[in-house]
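Chain by chain, the residues run as shown.
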Amino acid sequence: MNDSQGILWEVFIQSKPGQPHKHAGSVHAHDNEMALQNARDLYCRRNEGTNLWVVPASAIVASSPEDIGPFFEPSNDKVYRHPTFYTVPEGITHM
Amino acid sequence: MNSLKLDENQLIENFEAKLAKNEMIEPKDWMPEQYRKHLIRQISQHAHSEIIGMQPEGNWITRAPSMRRKMVLLAKVQDEAGHGLYLYSAAESMGISREEMLYQLHTGAAKYSSIFNYPTLTWADMGAIGWLVDGAAIMNQVMLQRTSYGPYSRAMVRICKEESFHQRQGYEIMTVLAAGTPAQKEMAQDALNRWWWPSLMMFGPRDEESPNSAQAIKWKIKRETNDQLRQRFVNQTVPQVEKIGLIVPDKDIKWNDAKNGYDFGEINWDEFWTVVKGNGPCNKTRIAAKIKSHEEGAWVREAANAHAAKINKNKAA
Ligand SMILES: [Fe+2]
Ligand SMILES: [Fe+2]
Ligand SMILES: [Fe+2]
């Protein structure tokens, strides 16, 4: 079994110019160029995109699911970051 | 030791609470070992089915009766390759490698859908496959869009979008043949006769013979049982058969008002198990063809590997 299917890459597609890239799935490939071509063949057979990113899966740093509480905690008690925290006089618009 | 055990109970509780709220399980989430095993088996089998499924249809690409039919069939078979790759990736997210899955397929340790162990004898078989085989697969895949494992669910959403033309192109082939010369109509009927029962078998054993099914439903991997899906497929397909003037090859087919569905005859379960156990008409040739193409492609992978190594070396220098 010393056969190799290449390394795993994560694929991100921009569906239209101006839109953010969104994760579509993964592909196997041996190098950058092949990764882009495989991603195009696999995820863009129906005009799904105008731009592609491929990233070696091993290069992605992710937070872990157990962090769901503490890691994101610091933002929970900062209601003053939201506009609804503030009172403005009656009748004021465009703000 | 005791505290470890408690931990495990807590983890199971959290896992089941998530399922109860219909939240998805993601690759890095804790999951019971049996859940992981069940899904690796199911997803890799599904992937293998897409890949082996290219053979019976690929067989007719060069003999398609028109340029239009040829382009369509080529695009469909290409989609099936894509489906296989989406699914392999979903399975890999559970910790099995692509190489390991291929090894299991080639050595017979892993199974794939038995339907692809039947031969494609005439052009009408391309119609019957798209219509019935993809139709039955879609019924299952629509349900699986709501499966509890995130990567599997997302692969299914993408696949279902692409499947929608597969069934239509098959039914179109059958419609045209059924309205053609007597010989063409006979060819269509013959294909229907051969593919009808194997298509019903695609939903798997009857519920009471399917011990894994209950667990899969409890874990929300499946949302409906084999028999429920099979019944829905029959209800949906019988009117489609009648519409184009063909005959369902089952003398027991009869509308049943009380259950608001069709009654239908008994599947030949001996045949079902014979094919599952590897003794169908094409089991050996399908795997032999898969191994052959894998081996003949080895030099490409080796060259790609060598090329990548060279690039990396130049970068380092
Ligand atoms: Fe399929
Ligand atoms: Fe498919
Ligand atoms: Fe399909």
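The coordinates are above.
Attention here is on the structure that accompanies the text. Every chain is numbered independently, its residues counted from 1 as its sequence is written. Starting at A for chains and at 1 for ligands, labels are handed out in the order in which the entities are written. Thresholds applied to this predicted model are a pLDDT of at least 70 for local features of residues and 80 or more for the giving and counting of side-chain atom pairs; totals over whole chains, interfaces and linings are not thresholded and use all residues. The side-chain figures draw on all heavy atoms in the structure; neither hydrogens nor water molecules are used.

Here we look at the sheet that holds strand S1 (residues 7-14) of chain A
Residue and element names in this part refer to chain A.
Right, on to step 1. Strands are treated as partners if at least two bridges between them are detected by DSSP. Each helix is a run of H or I in the DSSP string that is no shorter than four residues. Each strand is a run of E no shorter than two, and both are numbered from the N terminus. Across the sheet, three strands lie side by side as S2-S1-S3; this open sheet has antiparallel pairing. Both edges of this open sheet fall to strand S2 (22-29) and strand S3 (51-56), since each of them pairs with a single strand only. Pairwise comparison of adjacent strand axes, ignoring direction, gives a mean angle of 30° for this sheet.
Right, on to step 2. Where S1 and S3 come together, six bridges link them in antiparallel fashion. Of the residues in S3, the one forming a bridge with Gln 14 is Asn 51. For helices, the fitted line uses only the C-alpha atoms of the stretch in contact; every axis is such a line through C-alpha atoms, and the angle between N-to-C directions lies from 0 to 180 degrees.

A word on the coordination of the iron ion (ligand 3)
Residues and elements named next belong to chain B.
Right, on to step 1. Donor atoms: N, O and S within 2.8 Å of the metal, or within 3.2 Å for Na, K and Ca. Because water is excluded, sites can look incomplete. Within the protein, the atoms that donate to the iron ion (ligand 3) are Glu 80 (OE), Asp 134 (OD), Glu 163 (OE), Glu 163 (OE) and His 166 (ND1), at distances of 2.0 to 2.7 Å.
Right, on to step 2. Along the chain, the residues that donate to the iron ion (ligand 3) are spaced as E-x53-D-x28-E-x2-H.
Right, on to step 3. Here the iron ion (ligand 3) and the iron ion (ligand 1) are spaced 4.5 Å apart. Note that Glu 80 is positioned in helix H4 (residues 67-92) and His 166 in helix H7 (residues 150-178), a separation of 86 residues in sequence.
Right, on to step 4. Exposure categories follow from relative accessible area, calculated using a 1.4 Å probe and restricted to protein chains: below 20% of the type maximum is buried, above 50% is exposed, and the middle band is partly exposed. Its relative accessible area of 5% is what places Glu 80 among the buried residues.
Right, on to step 5. Judged by relative accessible area, His 166 falls into the buried class, the value being 0%.

Here's the deal with the packing of aromatic side chains
Residue and element names in this part refer to chain B.
Right, on to step 1. Any two of the Phe, Tyr and Trp rings considered here, Trp counted by its six-membered ring, make a pair once their centres fall within 6.5 Å; the pair's planes then place it as stacked at under 30 degrees, edge-to-face at over 60, or tilted in between. With the rule as written, the count across this model stands at 15 aromatic pairs over all chains.
Right, on to step 2. An angle of 90° between the planes, with centres 4.8 Å apart, marks the rings of Phe 272 and Trp 273 as edge-to-face.
Right, on to step 3. Residue Phe 272 is classed as buried on the basis of its relative accessible area of 8%.
Right, on to step 4. Judged by its relative accessible area of 36%, Trp 273 is partly exposed.
Right, on to step 5. Members of the aromatic cluster, joined through ring pairs, are Phe 15, Trp 30, Tyr 35 and Trp 219.
Right, on to step 6. If you follow Arg 63 out to its NZ or CZ, it ends over the ring of Trp 60, 3.8 Å from the centre. Two conditions define a charge located above a ring, namely a distance within 6 Å from the ring centre to NZ of Lys or CZ of Arg, and an angle within 35 degrees of the ring normal.

Let's talk about helix H5 (residues 98-106) of chain B
All names here are of chain B.
Right, on to step 1. Of all the residues in H5, the buried ones are Arg 98, Glu 99, Met 101, Leu 102, Leu 105 and His 106. One face of H5 carries all of its buried residues, which in axial projection span an arc of 160°.
Right, on to step 2. Looking one or two places after H5, you find Gly 108, whose phi comes out positive at around 85°. Taken from the helix axis, the directions to the C-beta atoms give the arc we talk about.

Focus: the interface of chain A and chain B
Right, on to step 1. Of the residues lining the interface, 21 residues belong to chain A; the matching set on chain B comes to 24 residues.
Right, on to step 2. Values labelled buried area give the accessible surface lost by two parts on being combined, using a 1.4 Å probe and summing over both. Approximately 2000 Å² of surface area, both sides summed, lies buried where chain A meets chain B, with 51% of it carried by carbon and sulfur atoms.
Right, on to step 3. What makes a salt bridge here is a side-chain nitrogen of Lys or Arg within 4 Å of a carboxyl oxygen of Asp or Glu, nothing more. Taken together, the connections running from chain A to chain B amount to four salt bridges.
Right, on to step 4. As a salt-bridge pair, A:Arg45 and B:Glu162 come within 2.8 Å of each other at their nearest N and O atoms.
Right, on to step 5. A 3.5 Å cut-off defines polar contacts: any pair of N or O atoms within that distance qualifies, except that in protein one atom must be a possible hydrogen donor and the other a possible acceptor, and neighbouring residues in sequence count only when both atoms are side-chain atoms. Put simply, chain A and chain B have eight residue pairs in polar contact (both at pLDDT 80 or more) between them.
Right, on to step 6. Residue assignment for the side of chain A that touches chain B shows that the elements contributing at least two residues are S2 and helix H1 (32-43) of chain A. Residue contacts follow a heavy-atom distance rule, with two residues in contact if any of their heavy atoms lie within 4.5 Å.

Description of the pairing of S1(A)
Residue and element names in this part refer to chain A.
Right, on to step 1. Burial analysis of S1 places six of its eight residues in the buried class, the great majority of the element.
Right, on to step 2. Note that S1 and S2 share seven bridges and pair antiparallel. Within S2, the position partnered with Trp 9 by the bridge is Val 27.

Considerations on the nonpolar core
Residue and element names in this part refer to chain B.
Right, on to step 1. Throughout this description, the term nonpolar core refers to a set of buried Ala, Val, Leu, Ile, Met, Phe, Trp, Tyr and Cys residues connected via side-chain atoms within 4.5 Å. By size, the foremost hydrophobic cluster in this structure holds 89 residues, and its most contacted members are Tyr 35, Tyr 149, Met 174 and Trp 195.
Right, on to step 2. With eleven residues, the top contributor of residues to this core is helix H6 (residues 124-144).
Right, on to step 3. Sequence-distant contacts of Tyr 35, that is, excluding residues within four places in its chain, are made with Phe 15, Ile 25, Met 94, Ser 148, Tyr 149, Trp 219 and Ile 221.

So, the packing of helix H12 (residues 283-296) of chain B against helix H13 (residues 298-316) of chain B
Each packed pair of helices is defined by two parameters, the angle between the axes and the distance between the axes.
Residues and elements named next belong to chain B.
Right, on to step 1. Interhelical geometry of H12 versus H13 gives an angle of 35° and a closest axis separation of 4 Å. Note on element contacts: H13 touches H12 through Ala 298, Trp 299 and Arg 301, opposite His 294, Glu 295 and Glu 296.
Right, on to step 2. Following the grouping adopted for this structure description, the nonpolar residues are Ala, Val, Leu, Ile, Met, Phe, Trp, Tyr, Cys and Pro, the charged ones are Asp, Glu, Lys and Arg, and the polar ones are all others, Gly among them. A breakdown of the residues in the contact of H12 with H13 according to their chemical character gives two nonpolar, one polar and three charged.

Topic: the packing of helix H8 (residues 182-201) of chain B against helix H10 (residues 226-243) of chain B
Residues and elements named next belong to chain B.
Right, on to step 1. The contact between H8 and H10 brings their axes to 10 Å, and the two run at 160°. Taken together, the axis directions place H8 and H10 in an arrangement best described as roughly antiparallel. For the crossing formed where H8 meets H10, the hand is right-handed. From H8, Leu 192, Trp 196, Ser 199, Leu 200 and Met 201 reach across to H10, where they touch Arg 230, Phe 233, Val 234, Thr 237, Val 238 and Val 241. The cut-offs work like this: below 35 degrees is roughly parallel, past 145 is roughly antiparallel, 65 to 115 is roughly perpendicular, and the gaps in between are oblique. The sense of a crossing depends on the near helix, which, turned anticlockwise from the far helix by less than a right angle, makes the crossing left-handed and, turned clockwise, makes it right-handed.

Some thoughts on H13(B)
Right, on to step 1. The end-to-end C-alpha distance of H13(B), which contains 19 residues, comes to 27 Å, matching closely the 27 Å that a straight helix rising 1.5 Å per residue would cover.
Right, on to step 2. Those residues of H13(B) not exposed but buried are B:Arg301, B:Ala304 and B:Ala308. Along the long axis of H13(B), the arc covered by the buried residues comes to 65°, so they all point the same way. Opposite the packed face of H13(B), turned more than 90 degrees from it, sit the exposed residues B:Trp299, B:Glu302, B:Lys310, B:Lys313 and B:Asn314.
Right, on to step 3. Its buried side turned inward, H13(B) meets H1 of chain A together with H12 of chain B. A helix is expected to span 1.5 Å multiplied by its residue count minus one.

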